[in-house]
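Structural overview
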Amino acid sequence: MLIAGLVFAAVAALVHVFIFYLESIAWTTPRARAVFGTSEPEAEATKALALNQGFYNLFLAVLVGAGIVVLAAGQQAVGATLVFAGAGSMVAAGIVLIVSDPSKTSAALKQLVPPAIGVLLLAIGVMA
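This write-up is about the structure you can find in this document. (Residues numbered from 1 in each chain as written. Predicted model: local features only at pLDDT ≥ 70, side-chain atom pairs only at ≥ 80, totals over all residues. Heavy atoms only, no water.)

The biggest cluster of nonpolar side chains holds 13 residues, and the ones touching the most others in it are Leu-6, Val-64, Leu-71, Val-83, Met-90 and Leu-122. Counting only elements with at least two residues in this core, the list comes to helix H1 (2–25), helix H4 (47–72) and helix H5 (76–100). With near-sequence residues (within four places) excluded, Leu-6 lies in contact with Ile-68, Leu-71, Val-83 and Leu-122. (Core = buried A, V, L, I, M, F, W, Y, C linked by side-chain atoms within 4.5 Å. Buried < 20%, exposed > 50% of the residue type's maximum accessible area, 1.4 Å probe, protein only. Helix = DSSP H or I, 4+ residues; strand = E, 2+ residues; numbered from the N terminus. Contact = heavy atoms within 4.5 Å.)

So, in structure tokens, the structure goes:
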């Protein structure tokens, strides 16, 4: 279960790296605008906010990645704590998105399901 949990957490981290790319690097491109449903003027007006939000996503991904590396190096308590913190924050952010804008439920589920599964499987694996 431990390995399966880490795989789901790693997938979640990769998703969040992609979100970072869309928000912080490609925000005003047609592709990013299509993903987020923004017009060109809206994207330009919110570029600074998106940049900041994208980095939040990157930092969560880095937290999970660091936890996986530390856990693989044999420091289970520290590694698991880092993965739980990063992946748990991803889940919480997805829930906030659903509560704040139910029309974004599909996007929120893509953001929160892999880390939620990762957290659950990691918890089972750590307790075993």
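This next bit is on H1. A rise of 1.5 Å per residue sets the reference length of H1, with its 24 residues, at 34 Å; its end C-alpha atoms lie 34 Å apart and thus fit the reference within 8%. Buried residues of H1: Gly-5, Leu-6, Ala-9, Ala-12, Ala-13, His-16, Ile-19, Phe-20, Leu-22, Glu-23 and Ser-24, and no others. Against the buried residues of H1 lie helix H2 (30–36), H4, H5 and helix H6 (105–127). (Expected span 1.5 Å × (residues − 1).)

Once that is clear, we can look at the side chain of His-16. Take His-16: it is sitting in helix H1. Once residues within four sequence positions are removed from consideration, His-16 is found in contact with Asn-57, Leu-58, Ala-61, Met-90 and Gln-111.

On to the environment of Ala-107. Along the polypeptide, Ala-107 turns up in helix H6. Overall, Ala-107 belongs to the partly exposed group, its relative accessible area being 39%. Along the sequence, Ala-107 and Leu-22 sit 85 residues apart, while their C-alpha atoms lie 13 Å from each other.

Attention now moves to H4. With 26 residues, H4 should reach 38 Å at 1.5 Å per residue; the first-to-last C-alpha distance of 37 Å fits that figure. What H4 keeps buried is the set Ala-50, Gly-54, Asn-57, Leu-58, Leu-60, Ala-61, Val-64, Gly-67 and Leu-71. Residues of H4 that are buried in the fold lie against H1, H5 and H6. Gly-74 occupies a position one or two residues after H4 and carries a positive phi of about 100°.

It is worth spelling out the packing of aromatic side chains at this point. Summed over the entire model, instances satisfying the criterion amount to four aromatic pairs. Here Phe-18 and Tyr-21 contribute two aromatic rings whose centre-to-centre distance is 6.3 Å and whose plane-to-plane angle is 25°, an arrangement assigned as stacked. One end of the pair is Phe-18 and the other is Tyr-21, both in helix H1 and three residues apart, which spans about a single turn. The exposure class of Tyr-21 is partly exposed, given its relative accessible area of 36%. Consider the rings of Phe-20 and Phe-55, whose centres lie 4.9 Å apart with planes at 75°: the pair is edge-to-face. Within this pair, whereas Phe-20 is found in helix H1, its partner Phe-55 is found in helix H4, the two being separated by 35 residues in sequence. Phe-20 sits in the buried class, given a relative accessible area of 13%. (Phe/Tyr/Trp six-rings, centres within 6.5 Å; stacked < 30°, edge-to-face > 60°.)

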